[in-house]
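Chain by chain, the residues:
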Amino acid sequence: MGSWKSVEWSSFDPAIDDEHQKLHQMISSLTAVVARNASLGLGMEAVDIMTERMKLHFGLEEQAMGGADPDSCSILHEDHQRLLGLLRQIRQVMGNGHYEEATALARLFSSELAKHDQEIDVPLFRMVAGRDTTKQQVS
Ligand SMILES: [Fe+2]
Ligand SMILES: [Fe+2]
């Protein structure tokens, strides 16, 4: 996997790109915390921090997209809800003492988030910015 600074993953919205870069660093650190501390309160705390951070990120994206393209905003919203559901599931599984499953789900969340950003956010924000999603060049 390349860097979130790569042009191929640019949404052409600097605020969104900046968010994605910071977010992915933070989520991979928190995923590691969950993996190492799933049986401790720290693991639960890390999931709660991830959830709050993701709500902020999703809100920012939906606000940015809402005025520009309501249909794209609905697509974003639906997949954001799916990702938040996965975080709720991690919390529940962890609370039930299934720590290995919680760790596996946290890793799944991290990869599902990267997939979401690359396959949903980037193409939709590019489309709204009027950039051809098949071209990788920045003018
Ligand atoms: Fe995103
Ligand atoms: Fe998104």
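Bear in mind that the values here come from a model prediction, so they are computed numbers and not experimental data.

A.B. asks: I'd love a proper account of the coordination of the iron ion (ligand 2), names of residues and values included.
C.D. replies: Note on the iron ion (ligand 2): its protein donors are Glu61 (OE), His80 (NE2), His116 (NE2), Asp121 (OD) and Asp121 (OD). The metal-donor distances range over 2.0 to 2.5 Å. If you list the donors of the iron ion (ligand 2) from N- to C-terminus, the spacing comes out as E-x18-H-x35-H-x4-D.

A.B. asks: Hey, could you go over the coordination of the iron ion (ligand 1) for me, with residue numbers and the actual values?
C.D. replies: Protein ligation of the iron ion (ligand 1) involves His20 (NE2), His57 (NE2), Glu61 (OE), Asp117 (OD) and Asp121 (OD), the donor distances falling in the range 2.0 to 2.5 Å. Read in sequence order, the donor residues for the iron ion (ligand 1) give the motif H-x36-H-x3-E-x55-D-x3-D. The two metals, the iron ion (ligand 1) and the iron ion (ligand 2), are separated by 3.2 Å and share Glu61 as a common coordinating residue. Within this pair, whereas Glu61 is found in helix H2 (residues 41-66), its partner Asp117 is found in helix H4 (residues 99-128), the two being separated by 56 residues in sequence.

A.B. asks: How would you sum up the nonpolar core? Please name residues and give values.
C.D. replies: The biggest cluster of nonpolar side chains holds 22 residues, and the ones touching the most others in it are Met54, Ile90 and Phe109. No other element matches the seven residues that helix H3 (residues 70-95) contributes to this core. Of all hydrophobic cores here, the second largest spans seven residues; its members include Met65, Cys73, Leu124 and Phe125.

A.B. asks: Outline H3, supporting the account with residue identities and numerical values.
C.D. replies: Each full turn of the α-helix corresponds to 3.6 residues, which orients residues three or four apart in the same direction. When the terminal C-alpha atoms of H3 are compared, their 37 Å separation across 26 residues agrees well with the 38 Å that a helix rising 1.5 Å per residue should span. Considering only its buried residues, H3 is in contact with helix H1 (14-37), H2 and H4. Looking at where H3 begins, the residue whose side-chain oxygen comes 3.2 Å from the main-chain nitrogen of Asp71 is Asp69. Gly97, located one to two residues past H3, shows a positive phi value of around 85 degrees.

A.B. asks: Before we move on, could you go through H4 and cite the residues and values that matter?
C.D. replies: Taking 1.5 Å of rise per residue, 30 residues should cover 44 Å, and H4 covers 41 Å from first to last C-alpha, within 8% of that figure. Taking the largest bend as the criterion, H4 deviates by roughly 35 degrees, centred on Asp117. Of the residues one or two after H4, Gly130 is the one with positive phi, at around 75 degrees.

A.B. asks: Outline the pattern of salt bridges, listing residues and values.
C.D. replies: All told, the structure shown has six salt bridges when counted by the stated rule. For Asp18, the salt bridge is made with Lys22, and the minimal N-O distance between the two is 3.1 Å. Of the two residues, Asp18 and Lys22 both sit in helix H1, four residues apart, roughly one turn of that helix. The partly exposed category is assigned to Lys22, whose relative accessible area is 48%. Between Arg82 and Glu112 there is a salt bridge, with the nearest N and O atoms lying 2.9 Å from each other. Placement of Arg82 in helix H3 and of Glu112 in helix H4 is noted, with a sequence separation of 30 residues between them. A relative accessible area of 38% places Arg82 in the partly exposed class. The exposure class of Glu112 is buried, given its relative accessible area of 15%. Each of Asp79, Arg82, Glu112 and Lys115 takes part in salt bridges that share partners, so that together they form one network.

How each quantity is defined
Residues numbered from 1 in each chain as written. Chains lettered and ligands numbered in written order. Predicted model: local features only at pLDDT ≥ 70, side-chain atom pairs only at ≥ 80, totals over all residues. Heavy atoms only, no water. Donors = N, O, S within 2.8 Å, 3.2 Å for Na, K, Ca; no water. Helix = DSSP H or I, 4+ residues; strand = E, 2+ residues; numbered from the N terminus. Core = buried A, V, L, I, M, F, W, Y, C linked by side-chain atoms within 4.5 Å. Buried < 20%, exposed > 50% of the residue type's maximum accessible area, 1.4 Å probe, protein only. Expected span 1.5 Å × (residues − 1). Contact = heavy atoms within 4.5 Å. Polar contact = N/O pair within 3.5 Å; in protein donor to acceptor, adjacent residues only side chain to side chain. Bend = angle between axes of the 7 residues up to and from the residue. Salt bridge = Lys/Arg side-chain N within 4 Å of Asp/Glu carboxyl O.

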